[in-house]
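# Examining the three-dimensional arrangement
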Amino acid sequence: MILCILICWLSAHAQIQDSMQIKPQPPEDNIKYPQLQIKGLFQARYLVGMSKDVDVNGLHHSDGSGTDNNFMLKYMRVQVRAQISKRTEVVVLANLADFKNDPKSRVLENAYLKYTFSPKLALTAGQFRPWFGIEETYPIDIIKSLDWSNQYTEFGKLGWTSFQIGMSATGQLQLGEIPFQYAVSVVNGNGKNQINDNDNGKQYSTRLVFGLSKKYNFNVGLNGGIGEVFSKKVYALGIDLSSLVRFDPRWSLDMQLEAKQATNHVLYNSIAPELRPDNPDQYLIRGVYFLPNIRYEINHKNLSAFELSCRYEYLDTNFRMNSNPRQTITPMFGLEFLKNYGARIQLGVQFDRYKHQVENTSQYNNNLFIVQVQSRF
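Per an unreviewed UniProt entry, the protein is named Porin, and its organism is Chryseobacterium gallinarum.

On to the overall build of the protein, then. In terms of helices and strands, the protein carries 3 helices and 16 strands. In terms of overall dimensions, the protein is globule-like: its C-alpha atoms have a radius of gyration of 21 Å, near the 21 Å expected for 377 residues. The principal-axis extent of the C-alpha atoms belonging to the protein is close to 70 × 60 × 40 Å. Among the 377 residues that make up the protein, the fraction classed as buried is 46%. Put simply, the protein shows about 19,100 Å² of open surface, and 59% of that area lies on carbon and sulfur atoms. Of the charged side chains in the protein, 40 are positive and 34 negative, and the gap between their average positions amounts to 6 Å.

Our focus in this paragraph is the confidence of the model for the protein. Close inspection of predicted coordinates is inappropriate for parts of the model with low pLDDT. Averaged over every residue, the pLDDT of the protein is 90; the share at 70 or more is 92%. With pLDDT under 50 throughout, residues 1–23 is counted as low confidence; its partners more than four residues away or in other chains account for 55 contacts.

Right, let's talk about helix H2 (residues 150–157) for a bit. Residues of H2 that are buried include every one of Asn150, Gln151, Tyr152, Phe155 and Gly156, and no others. Close packing links the buried residues of H2 with strand E6 (164–175), strand E10 (232–246), strand E11 (251–263), strand E12 (284–297), strand E13 (305–316) and strand E14 (326–338). Within two residues after H2, Gly159 carries a phi angle of roughly 95°, on the positive side.

In the sheet, E11 pairs with E12 via 13 bridges, with the strands oriented antiparallel. By the bridge assignment, Gln256 is partnered in E12 with Leu291. With 10 bridges joining them, E12 and E13 adopt antiparallel strand pairing. The partner of Val288 across the bridge, within E13, is Tyr314.

Now for the environment of Lys232. Mapped onto the fold, Lys232 is located in strand E10. In this structure, the C-alpha to C-alpha distance between Lys232 and Asp278, residues 46 residues apart in sequence, is 8.8 Å. The residues contacting Lys232, other than those within four sequence positions of it, are Gly227, Tyr268, Asp278 and Pro280.

To continue, consider the packing of aromatic side chains. As enumerated under the stated definition, the model contains 11 aromatic pairs in all. Relative to Trp148, the ring of Tyr138 lies with its centre 6.2 Å away and its plane at 20°, an arrangement referred to as stacked. Here Trp148 lies in the loop between strand E5 (121–128) and H2 and Tyr138 lies in the loop between E5 and H2, a separation of 10 residues in the sequence. Both rings, one in Trp251 and one in Phe306, keep their centres 6.2 Å apart while their planes meet at 85°; by these two values the pair is edge-to-face. Of the two residues, Trp251 is situated in strand E11 and Phe306 in strand E13; the sequence distance between them amounts to 55 residues. The class for Phe306 is partly exposed, based on a relative accessible area of 23%. In textbook terms, an aromatic cluster arises when at least three aromatic residues are bridged by ring pairs, as seen for Trp251, Tyr296, Phe306 and Phe333.

Cis peptide bonds are those with omega within 30 degrees of zero, and the linkage from Tyr33 to Pro34 qualifies with 0°. Looking at where Pro34 falls in the secondary structure, it is placed in the loop between helix H1 (2–13) and strand E1 (35–49). Positive phi values are uncommon outside glycine, yet Val107 reaches one of about 65°. Residue placement: Val107 occurs in the loop between strand E3 (88–95) and strand E4 (108–118). With phi around 60°, Asn360 is a residue other than glycine that occupies positive phi space. Tracing the chain through its elements places Asn360 in the loop between strand E15 (343–354) and strand E16 (366–376).

Here the focus is a nonpolar patch on the surface. Nonpolar side chains collect at one region of the surface, where Phe42, Leu73, Phe247, Trp251, Ile294, Leu308, Phe333, Ile345, Leu347, Val373 and Phe377 lie side by side and expose about 960 Å² of accessible area between them. With respect to the secondary-structure elements, Leu347 resides in strand E15.

This part is about the environment of Phe117. For Phe117, the location among the structural elements is in strand E4. A residue is classified by how much of its surface remains accessible, and Phe117, at 41% relative accessible area, is partly exposed. Among all residues touching Phe117, those that are not within four sequence positions of it are Arg87 and Leu123.

Alignment of E1 against E16, held across 9 bridges, turns out to be antiparallel. Within E16, the position partnered with Tyr46 by the bridge is Val371. Bridge count between E15 and E16: 10 bridges; the pairing is antiparallel. Note that in E16 the partner of Gln346 across the bridge is Gln372.

A separate point is the side chain of Arg326. Looking at the secondary structure, you find Arg326 in strand E14. In terms of polar contacts, Arg326 uses its side chain to reach the side chain of Asp352, at 3.0 Å. Discounting chain neighbours no more than four positions away, the residues touching Arg326 are Asn150, Glu313, Tyr314, Leu315, Gln350, Asp352, Arg353 and Tyr354.

Cut-offs and rules
Residues numbered from 1 in each chain as written. Predicted model: local features only at pLDDT ≥ 70, side-chain atom pairs only at ≥ 80, totals over all residues. Heavy atoms only, no water. Helix = DSSP H or I, 4+ residues; strand = E, 2+ residues; numbered from the N terminus. Rg over C-alpha atoms; globule rule 2.2 N^0.38 Å. Buried < 20%, exposed > 50% of the residue type's maximum accessible area, 1.4 Å probe, protein only. Areas by Shrake-Rupley, 256 points an atom, 1.4 Å probe, with all protein chains shown as cover. Lys, Arg positive; Asp, Glu negative; His and termini not counted. Charge placed at Lys NZ, Arg CZ, Asp CG, Glu CD. pLDDT = per-residue confidence, 0-100. Contact = heavy atoms within 4.5 Å. Pairing = 2+ DSSP bridges. Phe/Tyr/Trp six-rings, centres within 6.5 Å; stacked < 30°, edge-to-face > 60°. Patch = residues over 30% accessible without salt bridge, like charges linked within 9 Å, V, L, I, M, F, W, Y side chains within 5 Å. Salt bridge = Lys/Arg side-chain N within 4 Å of Asp/Glu carboxyl O. Polar contact = N/O pair within 3.5 Å; in protein donor to acceptor, adjacent residues only side chain to side chain.

In structure tokens form, the structure reads like this:
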């Protein structure tokens, strides 16, 4: 009931400015529909494992087997955006690189329709990324580190982040002098490309963002969600801070800090029914990461900018019952050859450390060297 009231209230007062928003258009009488836009992303890596008996995927092999170096095609994305009327757009995003795996639940990423009633309200339905944190608000091709955070990946498995099937309402308004954004979503919660929901429960989430300083682009985000999975109540909470400080036209510092906690219902349901407790909140996941990124604009004809980042992550997927936190440090250096990340090369190292190492599992200390190239088109 509270969620419905919030949607109704916000729909009367809010507007949105997200990455999918329809840009201002000339008078509709002069526009011919549909308008098509095609974009793409190529991203490939070379990985070298620098830890004995640990492969490039972080899995330990006590018998010495496993691959410690690998060329990898990460993304070959193609996106088609069709503006079919002044207020309506349809978006399809596919990652063709996923054909190298079993494509049954892969390849298709975004597939949604978005209708903008006015600048005060937009509704999205289909398969999309519901807002539940900073990382949902930008695509992988402009990420400031090697990849999504470990926290983002785990919360995607739990149905709160990454590509999900459902509906969402988004908007923006002014609270006095403070810009305010919101997103309210309801999803199946069992990931992308699923024929049906795997149970009768749904997951409801809300994201609220407050712009507290225009000068420093300082934003505070509050995230909350409740739901039901196999007749058990689950929840998720999060808070995030972001800021972009421009020292001069060339130097800038981008910072992100995010913390989340949720019911780890995937782990809970993997336990035999006779062994698991009645309350799934005995299995909780908790994580935090901090990502500073320094950027220098060179604006040379052959080199646009360089970036230096170092992300620290702490993640414990079961801190209440069987704690074994993972700490990850990922320093990265990037060179941008075309503006707006059109082409870039990144060099970095990922250091993984566990409180307790477990042989023949991915819970094992690991050092990984990465060279990554990408191009947006």
